[in-house]
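Results of the structural survey
Below, each chain spelled out in residue letters.
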Amino acid sequence: MTDVYDAEKRSAVMARVKGRDTAPEKTLRRLFTQLGARYRLHRKDLPGSPDIVLSGRRLVVFAHGCFWHGHDCARGSRVPKANRDYWLAKVGRNRARDAAAREVLEAAGWRVETVWECEMKDEAALKDRLEALLDSAPLRPAARQGESKR
């Protein structure tokens, strides 16, 4: 089946899909702030440009949308009927990119955590999970003078 929009209209529709400051990402940021964690956003110098980076804890967190990153929940496993081959390839590329970024980050000594959009529904459980993450990744001692902070 062909796309219901022409190429120009499809491009305009896809351009409106947000890649940062999404609702799931804002929820994570709010919860980390409530837990007293300090973080940075979208560090371009790290593979995959993680949504939240806790440098002192060597922890990165990705907030993934179930549909866009192919989660195995009901929303993530849904494939649109229109332009099916395109969407399967698109989600496949996203998953491959995510796996490659995770592999490089872990090899560099980062702990990588993925929080799925569907997991945001139970905010109390999510807050407990984030608290456990913070407890299991204590802050490293401050770098001595003259040493790099990264």
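Residues numbered from 1 in each chain as written. Predicted model: local features only at pLDDT ≥ 70, side-chain atom pairs only at ≥ 80, totals over all residues. Heavy atoms only, no water.

1. Considering helix H4 (residues 84-107)
If you check H4, its first and last C-alpha atoms are 35 Å apart, about what 24 residues at 1.5 Å a residue would give, namely 34 Å. Every buried residue of H4 is listed here: Trp87, Lys90, Val91, Asn94, Ala101 and Leu105. Summarising the contacts, the buried residues of H4 are in contact with helix H1 (7-15), strand S3 (59-64), helix H3 (66-69) and strand S4 (111-116). (Helix = DSSP H or I, 4+ residues; strand = E, 2+ residues; numbered from the N terminus. Expected span 1.5 Å × (residues − 1). Buried < 20%, exposed > 50% of the residue type's maximum accessible area, 1.4 Å probe, protein only. Contact = heavy atoms within 4.5 Å.)

2. Observations concerning the sheet that holds strand S2 (residues 52-54)
Reading across from one edge, S1-S2-S3-S4 is the order of the 4 strands in this open sheet, with mixed pairing throughout. Each edge of the open sheet is held by one strand with a lone partner, namely strand S1 (40-41) and S4. Sheet analysis places S1 next to S2, joined by 2 bridges and oriented antiparallel. Bridge pairing links Leu41 to Ile52 in S2. Those strands touched by helix H2 (residues 23-34) are S1, S2, S3 and S4, and its axis lies near 145° from that of S3. The strands touched by H4 are S3 and S4; relative to S4, the strand with the most contacts, the crossing angle is about 150°. (Pairing = 2+ DSSP bridges. Axes fitted to C-alpha atoms, helices over the stretch in contact; angles between N-to-C directions.)

3. Observations concerning H2
Across its 12 residues, H2 extends 17 Å between first and last C-alpha, which sits within 8% of the 16 Å expected from 1.5 Å per residue. Among the residues of H2, Pro24, Glu25, Thr27, Leu28, Arg29, Leu31 and Phe32 are the ones counted as buried. Summarising the contacts, the buried residues of H2 are in contact with S1, S2, S3, S4 and helix H5 (123-136). Of the residues trailing H2, Gly36 is marked for its positive phi of about 80°.

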